[in-house]
Amino acid sequence: MEALRAGPKTVSEICVTSGLSQPNASNHLACLLGCGLVERERIGRFAYYRLAGERIAALLDLAEDVAAGVARTSRCPVCGSKPC
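Worth saying up front: this structure is predicted, and the values here are computed from it rather than measured.

**A look at the side chain of T10**
No. 1: Relative to the assigned elements, T10 resides in the segment before α1 (11-18).
No. 2: A residue is classified by how much of its surface remains accessible, and T10, at 9% relative accessible area, is buried.
No. 3: Residues contacting T10, with those up to four places away along its chain left out, are F46, A47 and Y48.

**Focus: the nonpolar core**
No. 1: Of all hydrophobic cores here, the largest spans 14 residues; its most connected members are L4, V11, I14, L29 and Y49.
No. 2: When contributions to this core are tallied by element, the ones reaching two or more residues are α1, α2 (22-34), β2 (46-51) and α3 (54-71).

**So, the packing of α1 against α2**
No. 1: Here α1 crosses α2 at 110°, and the two axes come no closer than 9 Å. Classified by the angle their axes make, α1 and α2 are roughly perpendicular. When α1 is examined against α2, the residues V11, I14 and C15 are found in contact with a partner set consisting of Q22, A25, S26 and L29.
No. 2: In terms of residue class, the contact of α1 with α2 is made up of 5 nonpolar, 2 polar and no charged.

**Some words on α2**
No. 1: Taking 1.5 Å per residue as the helical rise, α2 with its 13 residues ought to reach 18 Å, and the 18 Å between its terminal C-alpha atoms agrees with that figure.
No. 2: Buried residues of α2: A25, L29 and L32, and no others. Taken down its axis, α2 places every buried residue within 65° of arc, on the same side. Away from its buried face by more than 90 degrees, α2 exposes N27 and G34.
No. 3: If you follow the buried residues of α2, they end up packed against α1, β1 (38-43) and β2.
No. 4: Backbone nitrogen of N24 and a side-chain oxygen of the N-cap are separated by 3.3 Å at the start of α2; the cap is S21.

**Some remarks on the pattern of salt bridges**
No. 1: The final tally for this structure, using the stated rule, is 5 salt bridges.
No. 2: In this structure, the salt-bridge partner of R5 is E2, at a minimum N-O distance of 3.0 Å.
No. 3: On the basis of relative accessible area, E2 is assigned to the exposed category, the value being 52%.
No. 4: Salt-bridge contacts for E41 lead to R50; the nearest nitrogen and oxygen are separated by 3.4 Å.
No. 5: Using a relative accessible area of 38% as the deciding quantity, one classes E41 as partly exposed.
No. 6: Exposure remark for R50: the relative accessible area of 29% places this residue in the partly exposed category.
No. 7: Overlapping salt bridges bring together E2, R5, D61 and E64 as one network.

Conventions we followed
Residues numbered from 1 in each chain as written. Predicted model: local features only at pLDDT ≥ 70, side-chain atom pairs only at ≥ 80, totals over all residues. Heavy atoms only, no water. Helix = DSSP H or I, 4+ residues; strand = E, 2+ residues; numbered from the N terminus. Buried < 20%, exposed > 50% of the residue type's maximum accessible area, 1.4 Å probe, protein only. Contact = heavy atoms within 4.5 Å. Core = buried A, V, L, I, M, F, W, Y, C linked by side-chain atoms within 4.5 Å. Axes fitted to C-alpha atoms, helices over the stretch in contact; angles between N-to-C directions. Parallel < 35°, antiparallel > 145°, perpendicular 65-115°, else oblique. Nonpolar A, V, L, I, M, F, W, Y, C, P; charged D, E, K, R; others polar. Expected span 1.5 Å × (residues − 1). Arc of directions from axis to C-beta. Polar contact = N/O pair within 3.5 Å; in protein donor to acceptor, adjacent residues only side chain to side chain. Salt bridge = Lys/Arg side-chain N within 4 Å of Asp/Glu carboxyl O.

So, in structure tokens, the structure goes:
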């Protein structure tokens, strides 16, 4: 999903951006499509995937903010590792 934040991409473009293999990326996209998190548009022989709306993009932004806050934590209060 991170690969789609900048806009629509084909599976091949997602593979380049993410480092995933084509079969792996296709499987993930099929799941995300089935869950309604991404949308697909066929143009000629290519299928372009994009995030399914601004709410999904906002969710990714929020998750990034939360993860950044956790990364700033010096030590995990449960296990003591740096950082969890």
